[in-house]
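Okay, here's what each chain looks like letter by letter:
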Amino acid sequence: MDAREAALRQAHGHAVRWLASLSDRPVPARASVDEIVRALGAELPDAPSTPADVVDLLATACEPGLTAFPSGRFYGFVVGGTEPAALAADWLVSAWDQNCVMRAVSPAYTAAEEIAGAWLLDLLGLPPDSAVGFTTGATMANFTCLAAGRDTVLRRAGWSVDHHGLAGGPPVRVIAGQDRHMSIDLALRYLGLGRPELVDADAQGRIDAEALRRTLAARVPGSGSVPTIVILQAGDIHSGAFDPFPETIRAAREADAWVHVDGAFGLWAAASPTHAHLTDGCARADSWATDAHKTLNVPYDCGLALVADPAALRSAMGLQGDYLIQHEHGDPIDKVPELSRRGRAFTVWAALRSLGRAGVADLVDGLCRHARAFATGIDAIDGATVLNDVVFTQVCAEFGDDERTDRVLAHLLDEGAAWISGSTWHGRRVMRISVSNWSTTDEDVSHTLDAIHRAFARTIRP
């Protein structure tokens, strides 16, 4: 057995043992950064080590410091697990070691990207001729789509970002809801557009359509329109609520604005006949961003930038180089910021091929069903209140007051049966449950609710 095969076998054994431990291991990490540093060894050795020994040390030293993100009892942030076919495909991605930017160099990757892109547009009910770019995550998907939007609205105003940059050009007006996700502000900062103008949202985080219309009408000179981008969202990070797309997109169209939808986890509602109504009218936007690692459950490093006008995306992201082998039909490099990147579409293809249309719908519906079960179970606690309308996969609850809510969270993490994060929503501390993992079962939900009951009981003991 050569050194490479021995290292791979060692890694396989550790990976299988790690995955097998998820059903009964504590979800939070059990070791600190300092402890892991000591176990790994802070000093760089002078002599080489065998690859298998290195893999063994890495896995053994790090295992106590790993949070069980892939567990069915991890409900923090909006973090999916990894569906089995996608996980296996990701191992192949690393072994194949393709730089997936040019059709001529990696035709296999380009084929997988084109098939997976077409399947995604079909599942999400988006225009079939849209371009699909595979980015690192939803933040860069938002960046990519908004870059296309920025360049397009400026081009309509007679200004070329490609030739002149932003300095000296017309200002771009960006409007978003009060409860937009913070990654929107980050993407706008990257793009040199600054903070958005904020429009009032309702108690669930949905942008107020009439307030948006009034905002669009303000500051618009009589002689013409200001280059404008309107940002909507499919799935509020706290409530899971969806913006009213028919009314808001109609208002944006009347102002000749580019409409972008941040749908990091919620855009997948369109793939479920039961929940597709939440995205009604969404397909009339100009661009959409989502994260395949969230609701679809593929490995990390896989966002999706979807743009209705492929030429707009190519104009913003396309790259020319004398040494590149570019194809007349276009290349993956034309749709994303990175020149070097791994084969993200292989994992998406594998997940979609494994699940099929019905399986994706079942996945979405199962996550939503678990979220409703959490809401019902928490409502049964005397002293607990679910604060949001549970329409998708998010649940926010409080336990009497801010101090007690934080104590419940602390007791829950201390026990380790589940991982749930706190947040502040409308000025109140909340327990925020995000159900995102394909492997979460009814038993996981039941066991987690029992743990929440125990954590709450500990806050009221004399």
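Here, every reference points to the structure presented above.
Remember, it's a predicted structure, so these values are computed and weren't measured experimentally.

Some thoughts on the sheet that holds strand S8 (residues 385–386)
Next up, step 1: The sheet built from 4 strands is open, its strands ordered S8-S9-S11-S10 with antiparallel pairing. Edge positions in the sheet fall to S8 and strand S10 (421–425), since each of these pairs with one other strand and no more.
Next up, step 2: Of the strand pairs in this sheet, S8 and strand S9 (residues 394–398) are connected by 2 bridges, and their pairing is antiparallel. Each residue of the ladder has a partner; that of Thr385, found in S9, is Glu398.
Next up, step 3: Across the sheet, helix H13 (residues 402–415) touches S9, S10 and strand S11 (428–434), and the angle it forms with S11 is around 35°.

Quick look at the nonpolar core
Next up, step 1: Core analysis: the biggest nonpolar cluster contains 56 residues, and Phe134, Leu296 and Val348 have the highest contact counts within it.
Next up, step 2: Residue contributions to this core peak at 8 residues, all from helix H12 (residues 344–379).
Next up, step 3: Listed in part, the 29 residues of the second largest apolar core include Ala148, Val161, Ile184 and Ala187.

Section: the pattern of salt bridges
Next up, step 1: Scanning the model with the defined rule gives 25 salt bridges in all.
Next up, step 2: For Glu63, the salt bridge identified is with Arg30, shortest N-O distance 3.1 Å. Of this pair, Glu63 sits in the loop between helix H3 (51–62) and helix H4 (84–96) while Arg30 sits in the loop between helix H1 (3–21) and helix H2 (33–40); the two residues are 33 residues apart in sequence, bridging distant segments of the chain.
Next up, step 3: For Arg30, a relative accessible area of 48% translates into the label partly exposed.
Next up, step 4: Between Glu210 and Arg213 there is a salt bridge whose closest N-O contact spans 4.0 Å. Taken together, the residues Glu210 and Arg213, both in helix H9 (residues 209–217) and 3 residues apart, mark about one turn of the helix.
Next up, step 5: Assessed through its relative accessible area of 28%, Arg213 is described here as partly exposed.
Next up, step 6: Each of the salt bridges in this network shares a partner with another, and the network as a whole consists of Arg25, Arg30 and Glu63.

Observations concerning unusual backbone geometry
Next up, step 1: Positive phi values are uncommon outside glycine, yet Phe77 reaches one of about 50°.
Next up, step 2: Summarising the element assignment, Phe77 is placed in the loop between H3 and H4.
Next up, step 3: Of note, Asn297 is a non-glycine position whose phi angle comes to about 65°, a positive value.
Next up, step 4: When you line up the elements, Asn297 lands in the loop between strand S6 (287–291) and strand S7 (303–307).
Next up, step 5: A residue is classified by how much of its surface remains accessible, and Asn297, at 0% relative accessible area, is buried.

Section: the sheet that holds S7
Next up, step 1: Taken in spatial order, the 7 strands line up as S1-S7-S6-S5-S4-S2-S3 in an open sheet, and their pairing is mixed. On the outer flanks of this sheet lie strand S1 (131–135) and strand S3 (197–199), each paired with one strand and no other. Mean inter-strand twist for the sheet, computed between neighbouring axes without regard to direction, equals 20°.
Next up, step 2: Note: S6 against S7, 5 bridges, orientation antiparallel. The residue of S7 that forms the bridge with Ala289 is Ala305.

Brief notes about the pairing of strand S2 (residues 173–177)
Next up, step 1: Burial within S2 is extensive, with 5 of its 5 residues counted as buried.
Next up, step 2: Residues Arg173, Ile175 and Gly177 of S2 are buried on one face, and the alternating residues Val174 and Ala176, pointing to the opposite face, are buried as well.
Next up, step 3: Strand direction decides the pairing type here: S2 and strand S4 (residues 228–233), joined by 4 bridges, are parallel. Residue pairing in the sheet places Val174 in a bridge with Ile229 of S4.

Observations regarding the packing of aromatic side chains
Next up, step 1: For the structure shown, the criterion picks out 12 aromatic pairs.
Next up, step 2: Note on Tyr109 and Phe346: the rings are 5.3 Å apart at their centroids and 80° apart in plane angle, and the pair reads as edge-to-face. Taken as a pair, Tyr109 in helix H5 (residues 107–123) and Phe346 in helix H12 lie far apart in primary sequence, 237 residues in all. Residue Tyr109 shares its accessibility class with Phe346, and that shared class is buried.
Next up, step 3: Ring plane angle 40° and centroid distance 5.8 Å describe the contact between Phe399 and Phe456, whose orientation is recorded as tilted. Placement of the pair is Phe399 in the loop between S9 and H13 and Phe456 in helix H14 (residues 442–460), with a sequence separation of 57 residues. Grouping residues by exposure puts Phe399 and Phe456 together as buried.

Focus: the pairing of S4
Next up, step 1: Among the 6 residues in S4, 6 count as buried, and that is most of the element.
Next up, step 2: Residues Thr228, Val230 and Leu232 of S4 are buried on one face, and the alternating residues Ile229, Ile231 and Gln233, pointing to the opposite face, are buried as well.
Next up, step 3: Bridging between S4 and strand S5 (residues 258–262) involves 5 bridges; their strand directions are parallel. Counted as the bridge partner of Gln233 is Asp262 from S5.

Here's the deal with the environment of Arg342
Next up, step 1: Structurally, Arg342 can be placed in the loop between helix H11 (310–317) and H12.
Next up, step 2: Among the residues examined, Arg342 registers a relative accessible area of 28% and is labelled partly exposed.
Next up, step 3: With 231 residues separating them in the primary sequence, Arg342 and Ala111 have C-alpha atoms 15 Å apart.
Next up, step 4: Setting aside residues no more than four positions away along its own chain, Arg342 makes contact with Asp90, Val93, Ser94, Gln98, Cys100 and Asp301.
Next up, step 5: Of the polar contacts made by the side chain of Arg342, one reaches the side chain of Asp90; its length is 2.8 Å.

Procedures and definitions
- Residues numbered from 1 in each chain as written.
- Predicted model: local features only at pLDDT ≥ 70, side-chain atom pairs only at ≥ 80, totals over all residues.
- Heavy atoms only, no water.
- Pairing = 2+ DSSP bridges.
- Helix = DSSP H or I, 4+ residues; strand = E, 2+ residues; numbered from the N terminus.
- Contact = heavy atoms within 4.5 Å.
- Axes fitted to C-alpha atoms, helices over the stretch in contact; angles between N-to-C directions.
- Core = buried A, V, L, I, M, F, W, Y, C linked by side-chain atoms within 4.5 Å.
- Buried < 20%, exposed > 50% of the residue type's maximum accessible area, 1.4 Å probe, protein only.
- Salt bridge = Lys/Arg side-chain N within 4 Å of Asp/Glu carboxyl O.
- Phe/Tyr/Trp six-rings, centres within 6.5 Å; stacked < 30°, edge-to-face > 60°.
- Polar contact = N/O pair within 3.5 Å; in protein donor to acceptor, adjacent residues only side chain to side chain.

Structural measurements only, silent on function.
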